[in-house]
Amino acid sequence: MWDKLAERAEEVADRPLLDLMGPERARDFSVEALGMLFDYAKTNIDNSTRDMLLGMAEAAELPARRDAMFAGRKINETEGRAVLHTALRNLDGHPVTVDGQDVMPEVLDTLARMEEFAQSVRDGGFAGQGGAIMDVVNIGIGGSDLGPAMAYQALGPYADGPRCHFVSNVDGAHVHDILAPLDPATTLVIVASKTFTTIETMTNAETAKAWMAEKVPDPAAQFAALSTAADRTAAFGIDEARVFGFADWVGGRYSMWGPIGLSLMIAVGPADFRAVLKGAAEMDDHFRTADPLRNMPVMLALVGIWHNQGCGYATRAVLPYEQRLARLPAYLQQLEMESNGKRVDMEGADLPTHSGPVVWGEPGTNGQHAFYQLIHQGTRVVPCEFMVGREGHEPELAHQHRLLIANCVAQAEALLRGRSFEEARASVADAFDGAELDRQARHRVFPGNRPSTMLVYDRLTPRVLGQIVALYEHRVFVEGAILGINSFDQWGVELGKELAKALDPVLSGKAGVEGKDASTARLVGWIRRDPD
Ligand code: F6P
């Protein structure tokens, strides 16, 4: 099946995408759902390729796999866990069972406790030892950081609570620079860690506790914890009234919908947080019920499979024309690369094709003035995923938003169309002639024929944000299902963690470099300033 897909990609590789653009194509090769439009007409997918891709989804028994996830079956087989982040946004509370037990009462109870706490932080019912909470510091990393940090920035216009700050890196500069301007007496520190063992988070949490202890008599009273490990949060000294737990079936990178979203909830308020959940639940329903051809996550995934495993494009750029989505590419990096960066299938057999792509990006228009040069004229093709809202939140700056949209649409058009040698020549014919004209023209040629997709939404409201993030979650699920991999474990992060733990005493001089390769040993010696 993978060979056939690659063969198909090779067969059609050189045809002009513009030749595919019949009058019906824009409608036929797009999906409208939940007030959003996903356009994939500017790709090299035609009817027969699309049928092939849909056939792959069918062969992977996608509906059955999807239903198994929603039903709480233990599809994360290497960890023996269900995958139920969707239960966190199941606001109507219809039963979802794991091991024969309905998980919804506990989910809804935790949500209600979070809401009560968030509201009391917002209205001063819960105060610091120096007065109302003015600043919230979320200490977490990976999934315990990227989701709330991304969403907090995305929902800036809705943030009317205390300011939120996010500390993730074990680099002391991060925690130092975030804490330095804050007043410990009016700061709430949230330690967000599913396991409550992650070295970066626990180290930063201890640093924050010491910082708090310098100024307030009872530092632990201004700490809250978000974790599955109640014993460890208690050992850290955090009162269980401020511990918000969740089950092991919430993967770190899928966790912003539950307790890990507490900082966001404090910032925007419980109602707007619920709107985020509602949007995600709408996307869940759409994913569960829409036909594959009209199913946005399915089609987004099939385009991804086509570009990565079919055409062999190793990366994809996510390009939100929305400054407030500046952290979305980083969020998606974890979501997609930790989920689908796997080299073996469910059975442990080598994958017969490539794992998921490298995901990267920056908001437009900034990226245009940095790396788009390579996207337009470099020798490698980078499929681009554009996204833009019809409206911004600043009506007084509507002209700027129009310019933003114009740039977004123009970039997709430029990638498609390109600029021929003749056109390039004509554009500089006034300035040069003869051989110099040809030489100058060659530098100005755009090959075009470069694929892109575009997602258009109305406005980046809490609900739309929920829809977009859930869209990408399900996209990752579909790609993983077609690859036959486990998208829900992350063993690839372990080795580096183990080696770092072992290197700490080596760096402090308590242990030697025996057993290390020559390069590592010399690096450590050089850093330790050992005599050569
Ligand atoms: O090391 C990777 C990872 O386990 C991620 O999957 C996770 O989001 C992150 O670390 C943080 O983990 P925790 O929430 O347990 O601190």
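See the structure shown above.
Predicted model only: the values in this text are computed from it and were never measured.

Rules of the game
Residues numbered from 1 in each chain as written. Predicted model: local features only at pLDDT ≥ 70, side-chain atom pairs only at ≥ 80, totals over all residues. Heavy atoms only, no water. Helix = DSSP H or I, 4+ residues; strand = E, 2+ residues; numbered from the N terminus. Buried < 20%, exposed > 50% of the residue type's maximum accessible area, 1.4 Å probe, protein only. Contact = heavy atoms within 4.5 Å. Polar contact = N/O pair within 3.5 Å; in protein donor to acceptor, adjacent residues only side chain to side chain. Phe/Tyr/Trp six-rings, centres within 6.5 Å; stacked < 30°, edge-to-face > 60°. Lys NZ or Arg CZ within 6 Å of the ring centre and 35° of its normal. Arc of directions from axis to C-beta. Near = heavy atom within 4 Å. Areas by Shrake-Rupley, 256 points an atom, 1.4 Å probe, with all protein chains shown as cover. Nonpolar A, V, L, I, M, F, W, Y, C, P; charged D, E, K, R; others polar. Pairing = 2+ DSSP bridges. Axes fitted to C-alpha atoms, helices over the stretch in contact; angles between N-to-C directions.

1. Looking at the environment of Asp-135
Inspection of the secondary structure assignment puts Asp-135 in strand E7 (residues 135–139). In this structure Asp-135 comes out as buried when scored by relative accessible area, which is 3%. As for Asp-135 and Ala-267, which are separated by 132 residues in sequence, their C-alpha atoms are 9.6 Å apart. Once residues lying within four places of it in the same chain are set aside, the contact partners of Asp-135 are Pro-162, Arg-163, His-165, Leu-182, Thr-186, Thr-187 and Leu-188. In terms of polar contacts, Asp-135 uses its side chain to reach the side chain of Arg-163, at 2.8 Å.

2. Some details on the packing of aromatic side chains
Given two aromatic rings, one states the distance between the centres and the angle between the planes to describe the pair. Enumeration according to the criterion identifies 14 aromatic pairs in this entry. Taken together, a centroid distance of 6.3 Å and an interplanar angle of 45° make the contact between Phe-70 and Phe-287 tilted. Within this pair, whereas Phe-70 is found in helix H4 (residues 62–70), its partner Phe-287 is found in helix H11 (residues 270–289), the two being separated by 217 residues in sequence. Both residues of the pair, Phe-70 and Phe-287, belong to the buried class. For the pair Tyr-152 and Phe-166, a centre-to-centre distance of 5.8 Å together with 50° between the ring planes defines the contact as tilted. You can see Tyr-152 sitting in helix H6 (residues 146–154) and its partner Phe-166 sitting in strand E8 (residues 163–167), a full 14 residues away along the chain. In this pair, the class of Tyr-152 matches that of Phe-166, namely buried. One aromatic cluster in this structure is built from Phe-70, Tyr-254, Phe-287, Phe-477 and Phe-488. Lying over the aromatic face of Phe-29, Arg-50 brings its terminal NZ or CZ to 4.0 Å of the ring centre.

3. With respect to helix H1 (residues 2–12)
Every buried residue of H1 is listed here: Trp-2, Leu-5, Arg-8, Ala-9 and Val-12. Down the axis, H1 shows its buried residues gathered within 125° of arc, on one side only. Away from the buried face of H1 by more than 90 degrees, exposed residues Asp-3, Lys-4, Glu-10 and Glu-11 are located. Buried residues along H1 sit against helix H3 (47–59), helix H12 (296–310) and helix H18 (462–483).

4. A look at the site of the ligand
Neighbouring the ligand are 14 residues; Ser-144, Ser-193, Lys-194, Thr-195 and Thr-198 lie closest to it. In the environment of the ligand, an oxygen atom lies 2.6 Å from a nitrogen or oxygen atom belonging to the side chain of Ser-144. Between Lys-194 and the ligand, the recorded distance is 2.7 Å, taken from a backbone N or O atom to an oxygen atom. In the complex, the protein chains occlude 87% of the 390 Å² of accessible area that the ligand would expose alone. Taken together, the residues of the shell around the ligand break down into two nonpolar, nine polar and three charged.

5. Details of the pairing of strand E1 (residues 30–33)
Pairing between E1 and strand E2 (residues 36–39): four bridges, direction antiparallel. Bridging across to E2, Ala-33 finds its partner in Met-36. Taken together, E1 and the strand that follows it, E2, pair antiparallel across an intervening segment of two residues, in which Leu-34 is found at a positive phi of about 50°.

6. Remarks on the sheet that holds E8
An order of E8-E7-E9-E10-E11 is seen for the five strands of this open sheet, with the pairing classed as parallel. Unpaired on one side and paired on the other, E8 and strand E11 (243–245) mark the two borders of the sheet. The sheet shows a mean angle of 20° between the axes of neighbouring strands, taken without regard to direction. Sheet topology places E7 next to strand E9 (residues 187–192); five bridges connect them, and they run parallel. Looking at E9, one finds that Asn-138 is bridged to Ile-190. Sheet strands touched by helix H8 (residues 199–213): E7, E8, E9 and strand E10 (223–227). Its angle to E9, the strand with the most contacts, is close to 160°.

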